[in-house]
Amino acid sequence: MPQIITDLGEQVIAAGDNVSFEFEFFYEDGSPIDLTGGEFVTCQGYLVLSEIGVESENIASFEMELKDNSINTMTCTLSSEDTISLPTRSMTMKPVIQVEDDYYKKARGILTVLADTNEVTV
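Residues numbered from 1 in each chain as written. Predicted model: local features only at pLDDT ≥ 70, side-chain atom pairs only at ≥ 80, totals over all residues. Heavy atoms only, no water.

Chemist: Just to check I follow, could you spell out the pattern of salt bridges for this structure?
Modeler: Under the counting rule described, the total for this entry stands at 2 salt bridges. When the shortest N-O distance is used, the salt bridge between Glu22 and Lys67 registers 3.3 Å. Taken together, the residues Glu22 in strand β2 (residues 19-24) and Lys67 in the loop between β4 (54-66) and β5 (73-78) connect sequence positions 45 residues apart. For Glu51, the salt bridge goes to Arg89, with nearest N and O atoms at 2.5 Å. Note that Glu51 is positioned in strand β3 (residues 43-51) and Arg89 in the loop between α1 (80-84) and β6 (90-99), a separation of 38 residues in sequence. Judged by relative accessible area, which is 36%, Arg89 ranks as partly exposed. (Salt bridge = Lys/Arg side-chain N within 4 Å of Asp/Glu carboxyl O. Helix = DSSP H or I, 4+ residues; strand = E, 2+ residues; numbered from the N terminus. Buried < 20%, exposed > 50% of the residue type's maximum accessible area, 1.4 Å probe, protein only.)

Here's what the structure looks like:
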């Protein structure tokens with residue numbers, strides 16, 4: 001599977017927010033990657049947060065689920081408890097596909113978690 005890294009830009013959330021991220025996965029030629037098990041024996045998706053510039057130092061990892069009626073779209077939903085437990089700073093955000101024993105990073109961006117100083121959560 002080729003490695004194309006898409007820039008996700010920066011996502012900004014407040015600690016305590018409920019937030020969902022959705023990612024579509026494609027081959028280099030633009031065709032969708034079938035994550036349903038049709039092409040692969042086992043496939044799992046993760047949203048991995050790591051230190052900026054030090055991708056080997058993971059801060060947190062959350063499982064993604066295949067979106068209903070889709071072969072190539074995965075979603076990751078973080079609860080308010082999840083976002084409260086994250087450090088309030090910027091981190092590298094990477095959706096990762098695990099196919100059997102191999103891991104593929106298809107995109108990378110920045111997730112910035114702000115302190116909820118007004119105690120208002122979404």
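Chemist: Can you help me understand the packing of aromatic side chains in this one?
Modeler: Working definition: an aromatic ring pair is given by the centre-to-centre distance plus the angle between the planes. Scanning all chains against the criterion turns up 1 aromatic pair. Ring geometry for Phe21 against Phe23: centres 6.4 Å apart, planes inclined by 20 degrees, an arrangement best described as stacked. Judged by its relative accessible area of 7%, Phe23 falls in the buried class. (Phe/Tyr/Trp six-rings, centres within 6.5 Å; stacked < 30°, edge-to-face > 60°.)

Chemist: Would you take a moment to explain the pairing of β4 for this structure?
Modeler: Each regular strand shows side chains that alternate between the opposite faces of the sheet. Bridging between β3 and β4 involves 7 bridges; their strand directions are antiparallel. Bridge pairing in β4 links Val48 to Ser61. The hairpin turn running from β3 into β4, its antiparallel successor, is 2 residues long, and Gly53 in that turn takes a positive phi close to 85 degrees. Sheet topology places β4 next to β5; 2 bridges connect them, and they run antiparallel. (Pairing = 2+ DSSP bridges.)

Chemist: So what exactly am I meant to see when it comes to the side chain of Lys94 here?
Modeler: Within the fold, Lys94 resides in strand β6. For Lys94, a relative accessible area of 4% gives the class buried. For Lys94, the contacting residues outside a window of four places in its chain are Tyr46, Leu47, Val48, Ser50, Glu55, Asn58, Lys105, Ala107 and Arg108. (Contact = heavy atoms within 4.5 Å.)

Chemist: What is the right way to look at the nonpolar core in this model?
Modeler: Across soluble globular proteins, nonpolar side chains have a tendency to be buried as a group. In this structure, Phe21, Phe25, Leu49 and Leu111 are the most contacted members of the largest nonpolar core, which totals 24 residues. Sorting the residues of this core by element identifies β2, β3, β4, β5, β6 and β8 (107-114) as the ones contributing at least two each. Ranked by residue count, the leading element in this core is β6, at 4 residues. Residues contacting Phe25, with those up to four places away along its chain left out, are Pro32, Ile33, Leu35, Met64, Asn72, Met74, Pro95, Ile97 and Lys106. (Core = buried A, V, L, I, M, F, W, Y, C linked by side-chain atoms within 4.5 Å.)

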